[in-house]
Structure formats: C-alpha cells, structure tokens
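Fold and geometry: a report
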Amino acid sequence: MGEKRQDYISWDEYFMGVAMLSGMRSKDPNTQVGACIVSQDNKILSMGYNGFPKGCDDDEFPWARTGESNETKYPFVTHAELNAILNYRGGSLEGAKIYVALFPCNECAKAIIQAGLKTVVYASDKYADTAATLASKRMFRAAGVELVPYLHTGRKIELEV
C-alpha cells in the first residue's frame, strides 16, 4: 500500500484560493476582491466578488475611482463580502468563517457581524490605517469576531483549462 501525497494544499490555501479565484470574476479595473464563506466543518457555503448589483448593467455604471461621487464606482459597487452573504440561500451563517482577499470595510464588517460569522481570514490589510478599516477592527473586537491574517505560503496555484 502506497503512502498518501504530502504536498496537498491546506484548508486555508484552498479557501483563500477560492476567494481569489472568485475575485477574478470582478470587472473592476482597479481592485478585484473575492470572498468565500465556509462552515465549521470546512464546507463552502457561498462566494462573492465586488461588482454592481444584479440588474445594474456594468456598462452603464461608472468604474472611476475619482470625480463627483455619483460619477465614481463607490456608491454603486457591492463588496465581495456582502455579495457572499447575500448569495447564501441556506439559512443561518452563524459560526461560519469568511476568507477575503482584502480586509473588510466598516460596512461589510457590520454585515459579517450581523450574519453571525465568527472568523475573518484576510490576505491583505493594505488599508489598515484608514478610518473604515479602523472602525471595522473596533466592531469586530467588540463583537468577538476572530481576525486571522492569511499566512502566505509562497505556493503558486496555477490553472490550465
């Protein structure tokens, strides 16, 4: 009897990979973010990426980062975390974990807390010093949500189709 393979990916690599792959669906020219929600027994419950709400044609809404408020993407884009929460159709997300490419903003933090998710695993915290991220961290601490920086292994996952 042979031995099992030793170089398989970890659960964290797998779920963060799914989150990153989801982010590749985003049509945002600057920031592609994906999210993957996972049950306590390592089952994928939902995924999401940043984009416009259903029915809002992404050729008709702005993708700009600067300009008058309604001429930018910011009032219109739904973030990956909120999309993953809203995409879930199975009941409660209580106790689940969310893997995200980018640390959640304050609005997504509210949704994560309200949905009952208990752990956030994030790949990047590049906006750590912004007011929105500081507010997120404060709310997460108050609500007892565990924050886990993703440990980058350096492994490259490539897809060929």
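Since this is a predicted model, take the numbers as computed values, not measurements.

Digging into the sheet that holds strand 1 (residues 34–38)
- If you walk across this open sheet you meet the five strands as 2-1-3-4-5, and the pairing is mixed. Looking at which strands have only one partner, the edges of the open sheet turn out to be strand 2 (44–49) and strand 5 (146–149). Direction aside, the axes of adjacent strands within the sheet are offset by 20° on average.
- Taken together, the four bridges between strand 1 and strand 3 (residues 97–102) define a ladder with antiparallel strand orientation. Each bridged residue has a counterpart across the sheet, and for Cys-36 the counterpart in strand 3 is Tyr-99.
- This element, helix 2 (residues 80–87), spans strand 1, strand 2 and strand 3 of the sheet and lies at about 135° to strand 2.

So, the pairing of strand 2
- Sheet topology note: the strand 1/strand 2 ladder contains five bridges and is antiparallel. Note that in strand 2 the partner of Ala-35 across the bridge is Gly-48.
- What sits between the antiparallel neighbours strand 1 and strand 2 is a turn of five residues, in which Asn-42 has the positive phi angle 60°.

As for helix 2
- Every buried residue of helix 2 is accounted for by Ala-80, Glu-81, Asn-83, Ala-84 and Ile-85.
- The elements touched by buried residues of helix 2 are strand 1, strand 2, strand 3 and helix 3 (106–115).

Remarks on the pattern of salt bridges
- In the structure shown here, the tally under the stated rule is six salt bridges.
- The salt bridge involving Glu-107 is made with Lys-110; its shortest N-O contact spans 3.0 Å. Placement of the pair is Glu-107 and Lys-110 together in helix 3, with a separation of three residues, close to one helical turn.
- Overall, the relative accessible area of 46% leaves Glu-107 in the partly exposed class.
- On the accessibility criterion, Lys-110 (37% relative accessible area) is partly exposed.

Definitions and limits used
- Residues numbered from 1 in each chain as written.
- Predicted model: local features only at pLDDT ≥ 70, side-chain atom pairs only at ≥ 80, totals over all residues.
- Heavy atoms only, no water.
- Pairing = 2+ DSSP bridges.
- Helix = DSSP H or I, 4+ residues; strand = E, 2+ residues; numbered from the N terminus.
- Axes fitted to C-alpha atoms, helices over the stretch in contact; angles between N-to-C directions.
- Contact = heavy atoms within 4.5 Å.
- Buried < 20%, exposed > 50% of the residue type's maximum accessible area, 1.4 Å probe, protein only.
- Salt bridge = Lys/Arg side-chain N within 4 Å of Asp/Glu carboxyl O.

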